[in-house]
Amino acid sequence: MWEDRAMATADAPARREPGRQDWSPWPHYNAAAAGFKGYWYPVTWSSKVTGKPSAFTIAGEKIALVRDGRKTYALHDRCPHRGVPLSLGNQQFPGTISCPYHGWTYNLESGRLCAVITDGPKSPINGKVNVRTYQTAERLGMVWVYIPIGEEEPTDIDEQLPAELVENPFVMGGRIEPRAGNWRFGAENGFDEGHAKYLHRTSLWRIFKTMPTWNLTRVVPGEGANSRWIFRVQDEVYWEADFPGVGRWTNKRWWKSQPPKETFNIGNTGKPKKIDPVITQQGFPGFASLSMPGILRIAYPNFIHYEFYVPVDADNHRYVGVMVNFTEGWQTLRFYVKYLGAIRWLFHGNFSGQDAWMVDVTDAPPERLYRPDVSLTAWRKLAEDEYSRRIAS
Amino acid sequence: VKKTLLTLLIGAALAALAPPLIRKAVRASNTQVHRIHQ
């Protein structure tokens, strides 16, 4: 899609659409169609990584993931001999992976060619070829891979994760799904101020909850442990409105819970009766927040929902939705039932499917932004500033 | 009698079809739950 658009512009300039024609004010963000390198990305569930290699593309890099003993390994998924994917091979010796074609065998830790089965034990090429390896880590029941910018050492994964997920025990349910559309549309949609109250008003997850009609919102930077995040702060929430010459619009229905009188910043449908102490302790200024390289956090009174938009290539990403409840002991069973019976179908399924639909069909730039899109431009600025700092260091 | 037979038939069809359909949907959803201890 991105290539097609570039060609269309070069060959026959299209009719000019209103508004901003490109993302040139954010050059790094504009260039990151296939994702930002220099970050950790969740790839798949830990239990899915076994001794049988599997193939993934993350931020444009083709990766073979394999488990040896208790440790996971990631290698560039291409045998330098003839370009065959190593993920089609298997493990002939402990601690190695062998190409399915001629048995070129690589050490999983270093990526060094350590045996060539079809050229004998004294093969002269042995030890002279390397495949690139990637650092892996296991967090939140998933395998994460660090995609480097160059040859640098990986950053600390725990500094990239939301602090509350590093410091507290919890129970979580999650869904990993390949999705069409650029990862930036995923991130922008997640933090988009205007969309949820209108797009999701028909979702089953919101069938008994009134969604606002419109809000007055600010975006503020986080502080302390949240200094890498930006927050959406709702200053005013309107549940109905008269639109001159058109009519009245509201999402209020007789079967839905009545909206609260005052404005609040945890959740977006009702005044919370009780807020989880771990969530209270975080002191989030707003219920929606976003950080690099595309991590969305939506704080509800009793759980937090996260979305990780993992870039695959310019036209595809992986959606990783995680619902977290800060409980231990028998209370976790209640969450299991709730997640497996309802949340994964209603929230991570139907509700989130509406986002997937929009992300797939979004086609920008050009774009003519409106007042609530301060959420989009603030995110682009955050991405631009953080990545500029990262490559400068 | 007709009604009972129809009910039994629909019941049997549901009992036969529902588990594989649910299994298929669960697999497609690629969901997992985890307890995380720090």
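Quick caveat, the model's predicted, so the values are computed rather than measured. Here the residue index of a chain counts from 1 through its sequence in written order. To label them, take the chains in the order written and letter them from A, then take the ligands in the order written and number them from 1. Only residues with pLDDT of at least 70 are given local features in this predicted model, and only at 80 or more are side-chain atom pairs given and counted; all residues enter the totals for whole chains, interfaces and linings. Each side-chain value is derived from all of the structure's non-hydrogen atoms; neither hydrogens nor water enter the calculation.

> What is the right way to look at the overall build of chain B in this model?
Helix and strand assignments follow DSSP, with helices taken as H or I runs no shorter than four residues and strands as E runs no shorter than two, numbered in order from the N terminus. Looking only at helices and strands, chain B has one helix and one strand in total. For chain B, the spread of C-alpha atoms along the principal axes amounts to about 60 × 20 × 10 Å. Buried residues in chain B amount to 16% of all 38 residues. As displayed, chain B has an accessible area near 3,200 Å², and 73% of this comes from carbon and sulfur atoms. Exposure categories follow from relative accessible area, calculated using a 1.4 Å probe and restricted to protein chains: below 20% of the type maximum is buried, above 50% is exposed, and the middle band is partly exposed. The accessible surface values rely on the Shrake-Rupley method and a 1.4 Å probe; as for residues, cover is taken only from the protein chains in view.

> I keep staring at the nonpolar core and nothing clicks. Help me out?
For soluble globular proteins, nonpolar side chains are generally found buried alongside one another. Residue and element names in this part refer to chain A. Grouping buried Ala, Val, Leu, Ile, Met, Phe, Trp, Tyr and Cys residues that are joined through side-chain atoms within 4.5 Å yields what is termed a nonpolar core. By size, the foremost hydrophobic cluster in this structure holds 81 residues, and its most contacted members are Phe 36, Leu 65, Phe 308, Phe 326 and Trp 379. When residues in this core are grouped by element, the largest group, seven residues, is from helix 8 (residues 331-361). Not counting residues within four places of it along the chain, the set of residues in contact with Phe 308 comprises Pro 42, Leu 140, Trp 144, Gly 294, Ile 295, Arg 318, Tyr 319, Val 320 and Val 322. In terms of nonpolar packing, the next biggest core, distinct from the first, is built from 15 residues, Tyr 73, Tyr 106, Val 116 and Val 131 among them. Every residue pair with non-hydrogen atoms within 4.5 Å of one another is taken to be in contact.

> Can you help me understand the packing of aromatic side chains in this one?
By convention here, two paired aromatic rings are described through the distance between centres and the angle between planes. Residues and elements named next belong to chain A. When two rings of Phe, Tyr or Trp (its six-membered ring) have centres within 6.5 Å they constitute a pair, described as stacked for plane angles under 30 degrees, edge-to-face for angles over 60, and tilted for the intermediate range. Summed over the entire model, instances satisfying the criterion amount to 19 aromatic pairs over all chains. Centroid distance Trp 205 to Phe 347: 5.0 Å. Interplanar angle 5°. Geometry classified as stacked. Of this pair, Trp 205 sits in the loop between helix 6 (195-199) and strand 12 (214-221) while Phe 347 sits in helix 8, placing them 142 residues apart in sequence. Here the aromatic rings of Tyr 300 and Phe 303 are separated by 5.2 Å at their centres, their planes lie at 40°, and the arrangement is tilted. You can call Tyr 300 buried: its relative accessible area is 9%. With a relative accessible area of 14%, Phe 303 lands in the buried category. One aromatic cluster in this structure is built from Trp 23, Tyr 29, Phe 36, Trp 183, Phe 185, Trp 379 and Tyr 387. In this scheme, the term charge over a ring applies when either NZ of a lysine or CZ of an arginine sits within 6 Å of the ring centre and within 35 degrees of the ring normal. When the ring centre of Tyr 319 is taken as origin, the NZ or CZ atom of Arg 179, which lies over that ring, is 3.7 Å away. In this structure, Arg 232 is placed above the aromatic ring of Phe 191, and the distance from its NZ or CZ to the ring centre is 5.8 Å.

> Can you help me understand the interface of chain B and chain A in this one?
By a widely used convention, the size of an interface equals the accessible area lost when the partners come together. Listed as interface residues are 12 residues of chain B and, on the opposing side, 25 residues of chain A. Summing both sides of the interface, chain B and chain A together bury roughly 1,600 Å²; the carbon and sulfur share of this comes to 50%. A per-residue breakdown of the area chain B buries against chain A is headed by Asn30(B), Gln32(B) and Val33(B), which together make up 35% of the total. Criterion for a salt bridge: a side-chain nitrogen of Lys or Arg within 4 Å of a carboxyl oxygen of Asp or Glu. The interface formed by chain B and chain A holds zero salt bridges in total. Secondary structure elements with two or more residues in the side of chain B that touches chain A: helix 1 (2-29) and strand 1 (31-36) of chain B. Buried area, as used here, totals the accessible surface that two parts lose on assembly, with accessibility defined by a 1.4 Å probe and the loss added over both.

> Would you explain the packing of helix 5 (residues 183-191) of chain A against helix 9 (residues 374-392) of chain A in this entry?
Packed helix pairs are specified by the crossing angle of their axes together with the interaxial distance, meaning the distance between the axes. Residue and element names in this part refer to chain A. Taken N-terminus to C-terminus, the directions of helix 5 and helix 9 make an angle of 130°; their axes are 9 Å apart at the nearest point. Judged by the angle between their axes, helix 5 and helix 9 are oblique. Both helix 5 and helix 9 take part in a crossing whose hand is right-handed. Listed contacts from helix 9 to Trp 183, Ala 187, Glu 188 and Phe 191 of helix 5 are Ser 375, Leu 376, Trp 379 and Arg 380. Counted by class, the contact of helix 5 with helix 9 contains five nonpolar, one polar and two charged residues. Angular values range over 0 to 180 degrees, each being the angle between N-to-C directions of two axes fitted as lines to C-alpha atoms, with helices fitted over their stretch in contact. To sort the angles, those under 35 degrees are grouped as roughly parallel, those over 145 as roughly antiparallel, those from 65 to 115 as roughly perpendicular, and the leftovers as oblique. The sense of a crossing depends on the near helix, which, turned anticlockwise from the far helix by less than a right angle, makes the crossing left-handed and, turned clockwise, makes it right-handed. For this scheme, ten residues count as nonpolar: Ala, Val, Leu, Ile, Met, Phe, Trp, Tyr, Cys and Pro. Four count as charged, namely Asp, Glu, Lys and Arg, and the remainder, Gly too, count as polar.

> Would you mind showing me how to read the sheet that holds strand 2 (residues 54-58) of chain A here?
The pairing of strands in a sheet comes from backbone hydrogen bonds and takes either a parallel or an antiparallel form. Residues and elements named next belong to chain A. A pair of strands counts as paired when DSSP detects no fewer than two bridges linking them. Ordered in space as 2-3-4-8, the four strands form an open sheet in which the pairing is antiparallel. Each edge of the sheet is formed by a strand with only one pairing partner; in this case those strands are strand 2 and strand 8 (133-134). Bridging between strand 2 and strand 3 (residues 61-68) involves five bridges; their strand directions are antiparallel. Its bridge partner lying in strand 3, Ser 54 is registered against Leu 65.

> How do you make sense of the pairing of strand 1 (residues 39-45) of chain A when you look at a structure like this?
A regular strand carries its side chains on alternate faces of the sheet. All names here are of chain A. Of all seven residues in strand 1, seven are buried, a share of seventy percent or more. Sheet topology note: the strand 1/strand 10 (residues 142-147) ladder contains six bridges and is antiparallel. Note that in strand 10 the partner of Trp 45 across the bridge is Met 142.

> Mind showing me how you'd approach a nonpolar patch on the surface here?
Residue and element names in this part refer to chain A. Exposure above 30% relative accessible area and the lack of any salt bridge qualify a residue for a patch; like charges then connect within 9 Å, and the nonpolar side chains Val, Leu, Ile, Met, Phe, Trp and Tyr within 5 Å. A grouping of Leu 204, Ile 207, Phe 208, Trp 254 and Trp 255 is seen on the molecular surface, where their side chains present a nonpolar patch of about 620 Å² in accessible area. Checked against the element boundaries, Trp 255 lands in the loop between strand 15 (247-250) and helix 7 (277-282). Here Trp 255 falls in the partly exposed class, since its relative accessible area comes to 38%.

> Got a minute to help me understand helix 1 of chain B in this structure?
The periodicity of an α-helix, 3.6 residues per turn, causes residues three or four places apart in sequence to face the same way. Residue and element names in this part refer to chain B. By this rule the span expected of a helix is its residue count minus one, scaled by 1.5 Å. The terminal C-alpha atoms of helix 1, which comprises 28 residues, lie 39 Å apart, in line with the 40 Å expected from a rise of 1.5 Å per residue. Counting buried positions along helix 1 gives one out of 28 residues, so the element sits mostly on the surface. Phi turns positive, to about 45°, at Asn 30, one or two residues after helix 1.

> Just to check I follow, could you spell out the sheet that holds strand 6 (residues 104-107) of chain A for this structure?
All names here are of chain A. Taken in spatial order, the three strands line up as 5-6-7 in an open sheet, and their pairing is antiparallel. The sheet terminates laterally at strand 5 (96-98) and strand 7 (113-116), the two strands that pair on one side only. Averaged over all pairs of adjacent strands, the angle between their axes in this sheet comes to 25°, without regard to strand direction. Pairing between strand 6 and strand 7: three bridges, direction antiparallel. Opposite Thr 105, over in strand 7, you have Ala 115 as the bridge partner.

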